[in-house]
There are 2 protein chains.
Amino acid sequence: MAAIALVLAGCASEPLRGTGDLGVVIERASGSVQVVETTGQKAISRIEGLGDLSHASLVYSRDGRYAYVFGRDGGLTKVDLLKGSIVNRVIQAGNSIGGAISQDGRWVAAQNYTPGGVKIFNADTLELVADIPATYGEQGARAKVVGLADAPGNRFVWSLFEAGEIWVADVTDPRTPKVDKFRNIGREPYDGLVTPNGRYYLAGLFGEDGLAMLDLWYPERGVKRVLDGYGKGTEKMPVYKMPHLRGWAVAGRYAYLPAIGRNEVLMLDMETWQEAGRIPVGGQPVFVMARPDGRQIWVNFAFPDNSHVDIIDAEARRVVKRLEPGKTVLHMEFTPRGEAVWISARDDNRVVVYDTVTFARKVELKAEAPSGIFFTSRAARTGF
Amino acid sequence: MAAIALVLAGCASEPLRGTGDLGVVIERASGSVQVVETTGQKAISRIEGLGDLSHASLVYSRDGRYAYVFGRDGGLTKVDLLKGSIVNRVIQAGNSIGGAISQDGRWVAAQNYTPGGVKIFNADTLELVADIPATYGEQGARAKVVGLADAPGNRFVWSLFEAGEIWVADVTDPRTPKVDKFRNIGREPYDGLVTPNGRYYLAGLFGEDGLAMLDLWYPERGVKRVLDGYGKGTEKMPVYKMPHLRGWAVAGRYAYLPAIGRNEVLMLDMETWQEAGRIPVGGQPVFVMARPDGRQIWVNFAFPDNSHVDIIDAEARRVVKRLEPGKTVLHMEFTPRGEAVWISARDDNRVVVYDTVTFARKVELKAEAPSGIFFTSRAARTGF
């Protein structure tokens, strides 16, 4: 009987489930994450031991089973969503804030502040395969790397904050990445995004008003400035929190972008590369995210406006609704077909799920100081 | 010992795996499907007993675990990709060719030729919840239903072939669907597509040259004709095989559409709704599918040109490459980030996987008379 009990215990396994409706919620104060599922709108498990997640983001393996979590302490943790456990963890830098996974899913890249640079790892084993210091200028200083994203052709693109540069690396042979460097692209790029079709890399500038644009189909054409001087003639407010460009900022021909130091969302026409308009909003935007059908743009804000979310009607180009999910809204994530959105309210220790049509609150889930929310559908998308 | 062996046998379970990189290949002559995975580019299992799959398509549950296969014999089979087995199967019509799944994943709709109409099922249990006959005209005849797709707002959209109508059903309460009917939209709509953002429904017409377009954001504006009379002044060839609109036909602002009875792909500008050009190709197109980044458009053809595939460069607007995967190319499917494409060659009993940049053949998989290939990333997309 004892033997049978032992065998039964040994073969107790997780129930089979799909991974397409899963997600991860970062719990920033406790070094833990929750695995959630969006069909039943429930939490499945909590995984601890991920170190300093006070700023963290993640990418998914192409099968949606594993999350690669990049933590503030330079930790890179591979997490198994099905087993609810850590598979592997390396400390790969002193200070890191994010990363990307290659188009074919074989390589994970981490963007590091300290030491400034990009490291590339085997997605299966987390073996380090390349280390690309973000050196610039005559002294060989190292810049903080920001805005790292994947692009088609097994490339990674990123920006160097202090250097004002954009680099594009072809990792077809990751042990010898081919890196193209674009210099003098603008002052202090603070984040970047790759458009959903993988064609354009847009870096937001912090040191001046404008964005730098690189056409990845024709990199030989160099980097162009867009929305140059968008703040001219108006006074800039102090910036309490750096906005973020990652997420659904693109809907159709427009990119919706946070203005720096202004209570505005900028509309960039990506055919003409001209400003198409600007939308007044209730605070300095941090995340500007389009509902998957592009009909609404949802915006959260920096302190002290960080307990509400404004919803812009894309055609009307104005805010039509305000929601109050709770204290300190840090992030939002749409389900892939857009029927629901999950919003974290850090200081109310909850995640609120809204219906994106009726704006009804469907569910509230307890979470410890939640910040980023990431669904596995990102695995199938470029630039996420 | 016998007891332990029994217990061990009972707890043998499928290894855990993600579902994000899975797919299904229809084997049209043997009522079977193969479950495949695109990371290792391998087959995992074969599932038999799906009836007549001589024309078949499928949609996925939102978690990517289950496929709902619509077969020619009116069968609707729910298949578990992880267990490699049939969960449930109903014969719901005399003759059916496809279906869709609602935005929230709760309802599966089948489009039927005989009896003409749409039936809606609970996605978990396959319980029938609604039966919507495609009746039209004064005699109450029933039309064949074609071009059924899901749209945001928990809607389904479809066309009635003989009637020349487009219907939109809101299934928020699926037992009492609210159906709007648009009449006189054109002669013999043969298929339809919903654009990736879920905004426009386009029905291709067989009885005349043109397409019918419905703006699902403003259905009150009615159906508009686009590309009207595109074949005027030229002679139409006999059509051996009806083209198909389902798939990645949209890239950026353009829809790439098969011309009926002509060796051409039409480019439709979806901002102006004017023809943007036409691209000569090597046969009458059946499937016209954009690589996910929109940089290439891949086309297969009707008999007698059905053993090659033409690749269009989207910017150059001309064919730049021809591939010969094998005899009788029936379908193609891109991996979600576009690095590979899987192509079925029915009469060579194989599926060929190509690198979409180098056009190298990566792998050939044996398959019995393969036709449709569908990857689970469709679960996260509208209109698929």
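Scroll up to find the structure.
What comes next concerns the included structure.

Each value, and the rule that gives it
- Residues numbered from 1 in each chain as written.
- Chains lettered and ligands numbered in written order.
- Predicted model: local features only at pLDDT ≥ 70, side-chain atom pairs only at ≥ 80, totals over all residues.
- Heavy atoms only, no water.
- Helix = DSSP H or I, 4+ residues; strand = E, 2+ residues; numbered from the N terminus.
- Rg over C-alpha atoms; globule rule 2.2 N^0.38 Å.
- Buried < 20%, exposed > 50% of the residue type's maximum accessible area, 1.4 Å probe, protein only.
- Contact = heavy atoms within 4.5 Å.
- Least-squares fit on C-alpha atoms with pLDDT ≥ 70 in both.
- Buried area = accessible area lost by both parts, 1.4 Å probe.
- Salt bridge = Lys/Arg side-chain N within 4 Å of Asp/Glu carboxyl O.
- Pairing = 2+ DSSP bridges.
- Axes fitted to C-alpha atoms, helices over the stretch in contact; angles between N-to-C directions.
- Phe/Tyr/Trp six-rings, centres within 6.5 Å; stacked < 30°, edge-to-face > 60°.
- Polar contact = N/O pair within 3.5 Å; in protein donor to acceptor, adjacent residues only side chain to side chain.

**Let's talk about the overall build of chain A**
Thinking step 1. For chain A, the count of helices and strands is one helix and 34 strands.
Thinking step 2. The C-alpha atoms of chain A give a radius of gyration of 21 Å, which matches the 21 Å a tight globule of 384 residues would have.
Thinking step 3. Evaluated residue by residue, chain A yields a buried proportion of 63% over its 384 residues.
Thinking step 4. Within chain A, contacts between residues at least 6 apart in sequence are counted, and of these 42% link residues at least 24 apart.

**A word on the relation of the copies chain A and chain B**
Thinking step 1. Mapping chain A onto chain B leaves a residual RMSD of 0.0 Å; the transformation is a rotation of 180 degrees accompanied by 0.0 Å of translation along its axis. Here the two chains are linked by the operation of a two-fold rotation axis.
Thinking step 2. Both copies share a contact surface, since 100% of the interface residues of chain A are interface residues in chain B too.

**Overview of the interface of chain A and chain B**
Thinking step 1. With 48 residues of chain A in contact, the opposing surface of chain B contributes 49 residues.
Thinking step 2. Interface area for chain A against chain B, summed over the two sides, is near 4,200 Å², with a carbon-plus-sulfur share of 50%.
Thinking step 3. Of all residues in chain A, L16, R62 and R337 of chain A bury the most surface against chain B, accounting for 23% of the area lost on that side.
Thinking step 4. For the interface between chain A and chain B, the tally reads eight salt bridges.
Thinking step 5. Between E271 of chain A and R253 of chain B there is a salt bridge, with the nearest N and O atoms lying 2.7 Å from each other.

**Some remarks on unusual backbone geometry**
All names here are of chain A.
Thinking step 1. Note that the residue after T114, namely P115, is joined by a cis bond; omega there is -15 degrees.
Thinking step 2. By the secondary structure assignment, P115 is in the loop between β9 (107–114) and β10 (117–122).
Thinking step 3. Positive phi is not limited to glycine here, since N349 has a value of about 50 degrees.
Thinking step 4. Take N349: its relative accessible area is 40%, and that puts it in the partly exposed class.

**Overview of the pattern of salt bridges**
Thinking step 1. Per the stated rule, a full pass over the model turns up 58 salt bridges over all chains.
Thinking step 2. A salt bridge links K42 of chain B to E37 of chain B, with the nearest nitrogen and oxygen atoms 3.5 Å apart.
Thinking step 3. Taking the shortest distance from any N to any O, the salt bridge between E162 of chain B and K144 of chain B comes out at 2.9 Å. In this pair, E162 of chain B is assigned in the loop between β15 (155–160) and β16 (165–170) and K144 of chain B in the loop between β13 (141–142) and β14 (145–151), connecting sequence segments 18 residues apart.
Thinking step 4. For K144 of chain B, a relative accessible area of 27% translates into the label partly exposed.
Thinking step 5. One network of salt bridges, with partners in common, ties together K327, D348, R350, R361 and E364 of chain A.

**Describing the sheet that holds strand β4 (residues 56–60) of chain B**
Each strand in a sheet pairs with another by means of backbone hydrogen bonds, the pair being arranged parallel or else antiparallel.
Residues and elements named next belong to chain B.
Thinking step 1. The four strands lie next to each other as β4-β5-β6-β7, forming an open sheet whose pairing is antiparallel. Among the strands making up the open sheet, the edge pair consists of β4 and β7 (85–91). Ignoring strand direction, the axes of neighbouring strands in this sheet form an average angle of 20 degrees.
Thinking step 2. Inspection of the sheet shows strand β6 (residues 75–80) paired to β7 by six bridges, in the antiparallel sense.

**Thoughts on the pairing of strand β10 (residues 117–122) of chain B**
Residue and element names in this part refer to chain B.
Thinking step 1. The element β10 is extensively covered by neighbouring structure, given that six of its six residues are classed as buried.
Thinking step 2. Both faces of β10 are covered, namely the face carrying G117, K119 and F121 and the face carrying V118, I120 and N122.
Thinking step 3. One ladder, built from six bridges, connects strand β9 (residues 107–114) with β10; its direction is antiparallel. Following the sheet pairing, N112 is matched in β10 by G117.
Thinking step 4. Taking the residues between adjacent antiparallel strands as the criterion, β9 and β10 are bridged by two residues.
Thinking step 5. Strand direction decides the pairing type here: β10 and strand β11 (residues 128–133), joined by five bridges, are antiparallel.

**With respect to the packing of aromatic side chains**
Residues and elements named next belong to chain B.
Thinking step 1. Considering all chains together, one arrives at twelve aromatic pairs over all chains under this definition.
Thinking step 2. Taking 6.1 Å as the distance between ring centres and 55 degrees as the angle between the ring planes, the aromatic pair formed by W298 and F359 counts as tilted. Of the two residues, W298 is situated in strand β27 (residues 296–301) and F359 in the loop between β32 (350–355) and β33 (361–366); the sequence distance between them amounts to 61 residues.
Thinking step 3. The interplanar angle of 85 degrees and the centroid separation of 5.5 Å between the aromatic rings of W342 and F375 together place this pair among those described as edge-to-face. Residue W342 is found in strand β31 (residues 340–345), and its partner F375 is found in strand β34 (residues 370–375); the two are separated by 33 residues along the sequence.

**Some words on the side chain of D191 of chain B**
Thinking step 1. Here D191 of chain B shows up in strand β18 (residues 189–194).
Thinking step 2. If we skip the residues at most four places from it in the chain, D191 of chain B touches V146, G147, L202, A203, G204, P243, H244, L245 and R246 of chain B.

**Notes on the environment of V286 of chain A**
Residues and elements named next belong to chain A.
Thinking step 1. As for its placement among the helices and strands, V286 is situated in strand β26 (residues 285–290).
Thinking step 2. When the C-alpha atoms of V286 and G99 are compared, they prove to be 19 Å apart, with 187 residues separating the residues in sequence.
Thinking step 3. For V286, the residues in contact, after removing those within four places along its chain, are K241, M242, P243, H244, P258, N300, F301 and A302.

**Things to note about the side chain of T77 of chain A**
Residues and elements named next belong to chain A.
Thinking step 1. Structurally, T77 can be placed in strand β6 (residues 75–80).
Thinking step 2. Classification of T77 by relative accessible area gives buried; the value is 1%.
Thinking step 3. Only 2.8 Å separates the side chain of T77 from the side chain of R89, close enough to count as a polar contact.
Thinking step 4. Apart from the residues within four sequence positions on either side, T77 is in contact with L50, A67, Y68, V69, I86, N88 and R89.

**A closer look at the pairing of β6 of chain B**
All names here are of chain B.
Thinking step 1. In terms of burial, β6 is largely enclosed, as six of its six residues are buried.
Thinking step 2. In sequence, strand β5 (residues 66–71) turns back onto β6 through a hairpin of three residues, with G74 there showing a positive phi of about 85 degrees.
Thinking step 3. If you look at the hairpin formed by β6 and β7, you'll find four residues sitting between the two strands, and G84 has a positive phi there, around 65 degrees.

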